[in-house]
Structures are given as structure tokens and as C-alpha cells.
Amino acid sequence: KSNQLTFVELGGEAFRRAAEGGRRGRDAWENVGAADLLNSNNKKMLVFILDYGINQGVNDRCRSETEQAQILETMLTAVLDRDGTGMENRRGCTLSKTDSVAVVVTKSDLMGEDDHERRDKLAMEYVKNRFSNFMNTLTEKCREYGINSRVGYAPYVMAFSLGKLF
């Protein structure tokens, strides 16, 4: 059996504007085509990207981890857990059409650890300590919608790095 895959990257700016809500938020989400893609009946794998560089003062686009966590949690509860109309619709929302959820912590080379297994453990500690509300809500939604049942309804957490770039 084969499945066609479509990868869609929704940048932090689109998340930030959508999280702001109101007309501006809806327009930003629709302008990048997110509403149609996320509301389609295709099965999905959602990957949330957390930037470890914010913790190290490397990323100046996002003001803080707190801001990043608030945006992610708003997107999770206000957009992905709804049907795209702003109304709650458990059977028609994005999460009801999702097979798997992962959290990727980028820039893991900044963790000061070369071992990949150790980086994954550090990534898990990082998200549990710095993004606990988001992770608790995400785990709750995984359980509610039967996502990631093979791993106890928890999101996969992994570290990622392109390495040091010169």
C-alpha cells in the first residue's frame, strides 16, 4: 500500500497572526492556505517545532519561550480543536483527522551534547519544563482523539539540528 504525502510548513508568523484571533488572524491563516489543508478529510501528522535557540538567546524573532508557548497553546485549542468555523465540532476538526503528533526541538546542537539519545532526553526535559501547559494540553488532546495510541497517547518528542553552520 502506498500513500501520497503532502508536507506543508506553516511558519511561526502565520501561527502568531492566527493566534491573535479576529479578522486579521483568520486572514493570515487563510492566506497561506492553512484552513483548507487542515480542514480537508486527508489524514494528518502534525509536527510542532520548538526553537531551542530562544532558550539560548539565539533567536530574536520570538520574544520569549512564554510567547512561543502561548501561541502554540492557542493554536492547539482555538484552531486545531475546532472545525475551521470557530465552532466546536469534535468530528470535523483537524485533530479528529490526525494520526500522529510530534514535537521537534530544533537547534539541539546548542544543548552542548553530541549523543543523539541524550539530546532526545534533553529535548523531553526541555518541553516538560518550559512548555508544560502546552505539552499537557497536547497529551490530553492526543488521548481525547486517539492519537499516538501506540505510545500511550503522548506526542513524540525529538531533538533536531542541522549542525553548526558557518
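The model shown is predicted, which means the values in this text are computed figures rather than measured ones.

Notes on the nonpolar core
- In terms of nonpolar packing, the biggest core is built from 29 residues, with Phe48, Leu95, Val103, Val127, Phe134, Met135 and Leu138 touching the most fellow members.
- At the level of secondary structure, the elements contributing two or more residues to this core comprise helix H3 (34–39), strand S1 (44–51), helix H5 (65–80), strand S2 (98–106), helix H6 (116–130), helix H7 (132–145) and strand S3 (156–159).
- In terms of residue count, H7 provides more of this core than any other element does, five residues in total.
- Once you skip the residues sitting within four places of it in the chain, leucine 138 turns out to touch Phe48, Leu76, Val101, Val103 and Pro155.

Looking at the pairing of S2
- Counting buried positions along S2 gives eight out of nine residues, so the element sits mostly inside the fold.
- Pairing between S2 and S3: four bridges, direction parallel. Paired with alanine 102 across the strands is tyrosine 156, a residue of S3.

So, H6
- A rise of 1.5 Å per residue sets the reference length of H6, with its 15 residues, at 21 Å; its end C-alpha atoms lie 20 Å apart and thus fit the reference within 8%.
- For H6, the side-chain oxygen to backbone nitrogen distance between the N-cap and glutamate 117 is 3.4 Å, and the N-cap itself is aspartate 115.

Regarding the sheet that holds S1
- In space, the three strands of this open sheet follow the order S1-S2-S3, with parallel pairing throughout. Every interior strand has two partners, whereas the edge strands, S1 and S3, have only one. On average, each strand axis in the sheet is inclined to that of its neighbour by 25°, with strand direction left out of account.
- Contacts from H6 reach S1, S2 and S3 within the one sheet, and its direction differs from that of S3 by about 120°.
- Contacts from H7 reach S1, S2 and S3, with the element oriented near 160° to S2.

Reading the values: rules and limits
- Residues numbered from 1 in each chain as written.
- Predicted model: local features only at pLDDT ≥ 70, side-chain atom pairs only at ≥ 80, totals over all residues.
- Heavy atoms only, no water.
- Core = buried A, V, L, I, M, F, W, Y, C linked by side-chain atoms within 4.5 Å.
- Buried < 20%, exposed > 50% of the residue type's maximum accessible area, 1.4 Å probe, protein only.
- Helix = DSSP H or I, 4+ residues; strand = E, 2+ residues; numbered from the N terminus.
- Contact = heavy atoms within 4.5 Å.
- Pairing = 2+ DSSP bridges.
- Expected span 1.5 Å × (residues − 1).
- Polar contact = N/O pair within 3.5 Å; in protein donor to acceptor, adjacent residues only side chain to side chain.
- Axes fitted to C-alpha atoms, helices over the stretch in contact; angles between N-to-C directions.

All quantities given are derived from atomic positions and should not be read as evidence of function.
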